Amino acid sequence: MESIALEIKLECKSCGNSIAMNAMNTEFECKACCEYVKLSQGALIECYTEIIRRVVKDNDNRLKVTGSVIPFFLEGMQCTRLYGKKFPFYDGAQLDMETIEKNIEAGFVIIHEKKILLRRLPRGFDQALSNVKYLVGEDEVQANHLPGDTRKQADGIQPVLFSCLSCGGALSVDGTTRILECNYCKNSSYIPDGLWLKFHPVSMVKRWYLVW
Ligand SMILES: [Zn+2]
Ligand SMILES: [Zn+2]
C-alpha cells in the first residue's frame, strides 16, 4: 500500500479568504464570500501529478520533514500545498487496504463514530492519475458537489431572526441568500458578515489521502 497525505488551500480570487480544498473536485465554494471557484481539471491533474512525482520519485516528503508550506499558483490563485508520504491514520489506527476495499462500495467507513469518506477517483481524474486507486478522508460536501450546482450550502443551521435595516421588521435568515427582501417594507437588507459567517463558517483545511 502507498499513500500520500494532502492538505491544500486556495486563496479566493474574489475576496482573498482561504478556501480549503478538502476533496478532489473542480469547484469549491468560498465560505466567506459564497462565490464558487472553478478550476480546470487539467490544471488540477497537473498539480496532483507533480505532487505524486515528487513524493514517489524524488522522495520529497514535505509534510513529514518540515511541515512548511510551499506557495504555488493554480490558475492565478495562490495555492498552499502540504503533502507527503503518509498512511491514513485515524485515532491512532492506520486504515489498511483491506478495510478500504471492503468498504469502497459503501463509500465510507466509521472509525470511532467518525465517518471517513472512501471513493474511487472521479471521472477524468481516474484516467489521468491511473496509479491512484482510492481517495480517503475527503470532505463529504466538497466531494459530492456537482459542477454547475451553485446553490449555497447553509450547513443545516436553524434560521435566525434579523431586523430589516429599513423598517425593523423581522426577517428570517437561513443562510441561502445574502440579500433579503423585507415582507413589510419591500426594501432589501444585506446580511452583515458576523451573521452570514454563522451559516458559512470558513472551512478548515482537512487532511485527505491518495491511496494505491
Ligand atoms: Zn471568497
Ligand atoms: Zn422592512
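Because the structure is a prediction, the values reported are computed rather than measured.

(A) Representation of the overall build of the protein in the model. Of the regular secondary structure elements, the protein holds six helices and 16 strands. Dimensions of the protein, computed from C-alpha atoms along their principal axes, come out at roughly 65 × 40 × 30 Å. The long-range share in the protein, meaning contacts at least 24 apart out of those at least 6 apart in sequence, stands at 49%.

(B) Summary view of unusual backbone geometry. Located in the positive-phi region is His112, a residue other than glycine, with phi close to 50°. Look at His112 and you get exposed, because 9 C-beta atoms sit within 10 Å. A positive phi angle is found at Lys186, which is not glycine, with a value near 65°. Within the secondary structure layout, Lys186 lies in the loop between β14 (179–181) and β15 (188–190).

(C) Here's a closer look at helix α1 (residues 41–56). Helix length check: α1, at 16 residues, gives a terminal C-alpha distance of 22 Å against a target of 22 Å (1.5 Å per residue), a fit within 8%. The complete set of buried residues in α1 reads Leu44, Tyr48, Ile51 and Val55. Buried residues of α1, viewed axially, fall in a sector of 55°; they line one side. Residues of α1 that are exposed and point more than 90 degrees away from the buried face comprise Gly42 and Arg53. Elements in contact with the buried residues of α1: β1 (3–11) and β6 (77–85).

(D) Main features of the nonpolar core. Residues Ile4, Leu6, Leu10, Val136 and Tyr209 are the most contacted members of the largest nonpolar core, which totals 34 residues. Residue assignment for this core shows that the elements contributing at least two residues are β1, α1, β6, β10 (114–120), β11 (134–136) and β16 (208–211). In terms of residue count, the dominant contributor to this core is β1 (five residues). Beyond its immediate stretch of four places on either side in the chain, Leu6 contacts Tyr83, Arg207, Trp208, Tyr209 and Leu210.

(E) Examining the environment of Arg53 more closely. Among the structural elements, Arg53 can be located in helix α1. The exposed category is assigned to Arg53, around which 11 C-beta atoms lie within 10 Å. Sequence spacing of Arg53 and Leu161 is 108 residues, and the spatial spacing of their C-alpha atoms is 52 Å.

(F) Looking closely at the pairing of β10. Bridge analysis of strand β9 (residues 108–111) against β10 gives four bridges, and the strand direction is antiparallel. Each residue of the ladder has a partner; that of Val109, found in β10, is Ile116. Where β9 hands over to β10, the hairpin turn is made up of two residues, of which His112 adopts a positive phi near 50°.

(G) Looking closely at the confidence of the model for the protein. Residues at a pLDDT of 70 or more form 92% of the protein, whose mean pLDDT is 88. The least confident element of the protein is helix α2 (residues 62–65), whose mean pLDDT is 57; the most confident is β11, at 98.

Conventions we followed
Residues numbered from 1 in each chain as written. Chains lettered and ligands numbered in written order. Predicted model: local features only at pLDDT ≥ 70, side-chain atom pairs only at ≥ 80, totals over all residues. Helix = DSSP H or I, 4+ residues; strand = E, 2+ residues; numbered from the N terminus. Contact = placed C-beta atoms within 7 Å. Buried ≥ 20, exposed ≤ 12 C-beta atoms within 10 Å, placed from the backbone. Expected span 1.5 Å × (residues − 1). Arc of directions from axis to C-beta. Core = buried A, V, L, I, M, F, W, Y, C linked by C-beta atoms within 7 Å. Pairing = 2+ DSSP bridges. pLDDT = per-residue confidence, 0-100.

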